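# Structural overview
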Amino acid sequence: MSFWISIIIVIAIVIYFIVMLILQKRAVTILTQDEFIEGYRKAQLIDLREREVYQTGHILGARNLPMSQLNMRIKELRKDKPIYLYCANGIRSGRAALTLKKKGYKDIYMLSGGFKNWSGKIKK
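In short, a report on the structure. (Residues numbered from 1 in each chain as written. Predicted model: local features only at pLDDT ≥ 70, side-chain atom pairs only at ≥ 80, totals over all residues. Heavy atoms only, no water.)

### Some remarks on the sheet that holds strand β1 (residues 29–31)
Sheet architecture is open: 5 strands sit in the order β1-β6-β5-β2-β4, paired in parallel fashion. Each edge of the open sheet carries a strand with a single partner, namely β1 and β4 (63–64). The pairing of strand β5 (residues 83–86) with strand β6 (residues 108–111) spans 3 bridges and is classified as parallel. Residue Leu 85 lies in a different strand from β6, and its bridge partner there is Met 110. Running over the sheet, helix α5 (residues 91–102) touches β5 and β6 and is turned about 150 degrees from β5. (Pairing = 2+ DSSP bridges. Helix = DSSP H or I, 4+ residues; strand = E, 2+ residues; numbered from the N terminus. Contact = heavy atoms within 4.5 Å. Axes fitted to C-alpha atoms, helices over the stretch in contact; angles between N-to-C directions.)

### Quick look at a nonpolar patch on the surface
Residues Phe 3, Trp 4, Ile 7, Ile 11, Ile 15, Val 19 and Leu 23 make up a contiguous nonpolar surface patch of roughly 670 Å² in combined accessible area. For Ile 15, the position within the fold is in helix α1 (residues 2–27). (Patch = residues over 30% accessible without salt bridge, like charges linked within 9 Å, V, L, I, M, F, W, Y side chains within 5 Å. Areas by Shrake-Rupley, 256 points an atom, 1.4 Å probe, with all protein chains shown as cover. Salt bridge = Lys/Arg side-chain N within 4 Å of Asp/Glu carboxyl O.)

### With respect to the packing of α1 against α5
Remark: α1 packs on α5, axes separated minimally by 9 Å, with the N-to-C direction vectors making an angle of 65 degrees. Taken as a pair, α1 and α5 cross one another with a handedness that is left-handed. On α5, the residues touching Met 20, Leu 23, Gln 24, Arg 26 and Ala 27 of α1 are Gly 94, Arg 95, Ala 97, Leu 98 and Lys 101. When the residues that make up the contact of α1 with α5 are grouped by side-chain class, the tally is 5 nonpolar, 2 polar and 3 charged. (Left-handed = near helix turned anticlockwise from the far one by under 90°. Nonpolar A, V, L, I, M, F, W, Y, C, P; charged D, E, K, R; others polar.)

### Some remarks on the pattern of salt bridges
In the structure shown here, the tally under the stated rule is 3 salt bridges. A salt bridge links Asp 47 to Arg 49; the nearest nitrogen and oxygen atoms lie 2.7 Å apart. Residue class for Arg 49 comes out buried when judged on its relative accessible area of 4%. One salt bridge connects Asp 80 with Arg 78, and the closest N-O pair in it is separated by 2.7 Å. Here Asp 80 falls in the exposed class, since its relative accessible area comes to 56%. (Buried < 20%, exposed > 50% of the residue type's maximum accessible area, 1.4 Å probe, protein only.)

This is the structure in structure tokens:
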């Protein structure tokens, strides 16, 4: 009996992750580094990593808005300008995009692979 319960739990987890992936793809446009570079200077560039990590190095011009503070500080973001998101590896960016979409933000983009794959200019 516990074997079947384990199988059901695993299937439920897989379904949850598939649904989240589909929802994220609807909420955000994933950009390569070159595509990201083309547009981020005319947008709100948001680093979702925690402040301590942000201070070790971030994309030049990025504003730090940690994912842990997004709900409290969401009004700092303008709805009339595109939002370019990045985090360490792209997972938090997808979740942040879902939150922003639910709050009425429309032009949301994220860096594929996150900051760990960034080879452009950074500020330390």
